[in-house]
Amino acid sequence: MEFRLPDLGEGLADAELVSWSVSVGDAVELNQTIAEVETAKAVVALPSPFAGVVVELLAQPGETVLVGAPLIRVRSDEAPTGRESATNGAEVSSDAPGSGRTAVLVGYGPEGEAVSRRRRPVTATSVATEADSGPVARSDSVAEQTESSAAQAISPVIAIPEEEAAEPLSHNTRPPLTTTRAAATPAARRLARELGIDLWFVAGSGPDGAVTVEDVRGAVPVSQPRTLAGQPQPAQATPVPAVADPDGGVIRPPAGEVRTPISGIRKRTAAAMLASARTIPQASTFVTLDCTASMELLDHLRSTKSFAGLALTPLALVARSVLAALAEFPEINVFWDEANQEIVTKHYVNLGVAVATDRGLLVPNIKEAQTLNLRDLTREIGWLAETARSGGASPTDLRGGTFTITNVGVFGVDTGVPLVNPGEAAILCLGSIRKRPWVFRDELAIRWVTTLGISFDHRMIDGELASRFLATTASLLEDPLTLLSRI
């Protein structure tokens, strides 16, 4: 029996095989994890839909597999009936009545038996990231922003919109990769067909990540279409500059270079950042403030019973202050609806928090964050950061954000200019919190000082509005007790 890559939902058409949990000859039980695959949104563990003995592994780690492609063959003592096969998605039933589609574990995969995969080249070396290299010596202020917020990064990965699964790249027709179509306006689909653009590679800035006409106009036509089932493709080598070996005349790539394929999170991040830069006219403003009172409040709260066992960091208090300021300035929590030419004001806040992971930067968001107090907000930030770092963030966690906070202060950086996430109108940047000379009550003193920055969509937010919002957030951090009147 063959187990085929199931439809993982969210409009995804393929996944990269990360690792096998079983080998040829192993006995597997029902619902036992057999492999892990990585989509553009999360790492997913695949359970076996039946018990038996592994006969053959049909894909290798690093390969990108289309939905509906066979992954593994298992021999079972009890051969299932055609009806059972179609139900559990283990084996294709070519004569399924009234269907003509290939049944898989969840939903339906591509038509036809042939499968095309892309093999990821193996690199000679890997680059150690700052997260892998361990802690770096920092000042007291940087250490204050603890490990639970150390996952926050400079410019976040966009909460990934649903991708288009079946748009033509040229005048040649092709079968759909899945039966699920990602959100896109009719005008955007029509324009994409006219321009020969694959919506799979276009980050949407519309409601719930829908691709708009403006997104399509800012996109670049894809030069290498995806491989389709049943359509053999010629092998193409990655072009590498060649040099002559003076010793033997052998042509080889120059030394000192490592080439990493662009895939998964990085590919979607690139598309989203490109869409942000091309479709959103952005501006930024900054404020430097004395946050000594906030640091003293955090020290006090950490010693109380209510916050026992919680990693209370400045990020949590900044997030609570931002939520209070958004309640006063709802015009910041908005969305540009290109299709309907409307500005949509959202009276709920799905607060995105940038998290650095081994797979790249992710932005899980806290749903209905405006309803949470400081303790619950602290718990949610810690849980989301840990879930994202461990690869357990679900597509739901990564979608639907309305406002984002990114924390560069944990890296000892004073401030930054992050890009606005498509589908949102602003992003706040928290810089390092350091002890610095500061004029306090007309005298020079050593105080805790930080800088806040905000990047915003100038189509909807004027400089005056952004400045007032930022000043309000800063004032709440300068005197955090005033938050009591806003919660």
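Residues numbered from 1 in each chain as written. Predicted model: local features only at pLDDT ≥ 70, side-chain atom pairs only at ≥ 80, totals over all residues. Heavy atoms only, no water.

**Q** Help me get a handle on the packing of helix H7 (residues 314-328) against helix H8 (residues 374-389), residues and values and all.
**A** If you want to describe how two helices pack, look at the angle between their axes and the distance between the axes. Two elements in contact, H7 and H8, have axes separated by 9 Å at closest approach and are oriented at 120 degrees. Relative to H8, the element H7 lies oblique. Of the two possible hands of crossing, H7 and H8 adopt the one that is right-handed. Contact residues: H7 offers Leu315, Ala316, Leu317, Ala319, Arg320 and Leu323, while H8 offers Leu374, Leu377, Thr378 and Ile381. Of the residues contributing to the contact of H7 with H8, the split by class is 8 nonpolar, 1 polar and 1 charged. (Axes fitted to C-alpha atoms, helices over the stretch in contact; angles between N-to-C directions. Helix = DSSP H or I, 4+ residues; strand = E, 2+ residues; numbered from the N terminus. Parallel < 35°, antiparallel > 145°, perpendicular 65-115°, else oblique. Left-handed = near helix turned anticlockwise from the far one by under 90°. Contact = heavy atoms within 4.5 Å. Nonpolar A, V, L, I, M, F, W, Y, C, P; charged D, E, K, R; others polar.)

**Q** Before we move on, could you go through the sheet that holds strand S6 (residues 52-57) and cite the residues and values that matter?
**A** One open sheet accounts for 4 strands, arranged S1-S8-S6-S3; its pairing is antiparallel. Two strands lie at the open edges of the sheet, namely strand S1 (2-4) and strand S3 (27-28), each paired on one side alone. (Pairing = 2+ DSSP bridges.)

**Q** Run through the confidence of the model for the protein chain, naming residues and quoting values.
**A** On average, residues of the protein chain score 75 in pLDDT, and 68% of them reach the 70 mark or higher. Predicted confidence for residues 220-237 stays below pLDDT 50, and this span has 31 contacts to residues more than four positions away or in other chains. (pLDDT = per-residue confidence, 0-100.)

**Q** If you had to explain H7 to someone new, which residues and values would you point to?
**A** Between its first and last C-alpha atoms H7 spans 21 Å; for 15 residues at 1.5 Å apiece the expected length is 21 Å, and the two agree. Counting buried residues in H7 gives 13 out of 15 residues, a clear majority hidden from the surface. (Expected span 1.5 Å × (residues − 1). Buried < 20%, exposed > 50% of the residue type's maximum accessible area, 1.4 Å probe, protein only.)

**Q** I'd love a proper account of the nonpolar core, names of residues and values included.
**A** Grouped together as the largest cluster of nonpolar side chains are 53 residues, with contacts concentrated most on Ile332, Phe403, Ile461 and Phe469. Residue contributions to this core peak at 10 residues, all from H7. Ignoring anything within four residues of it in the chain, the contact list for isoleucine 332 reads Leu326, Phe403, Ala425, Ala426, Ile461, Leu465, Ala466 and Phe469. Counting 21 residues, the second-largest nonpolar core is a separate cluster that includes Ile34, Ala35, Val67 and Ile72. (Core = buried A, V, L, I, M, F, W, Y, C linked by side-chain atoms within 4.5 Å.)

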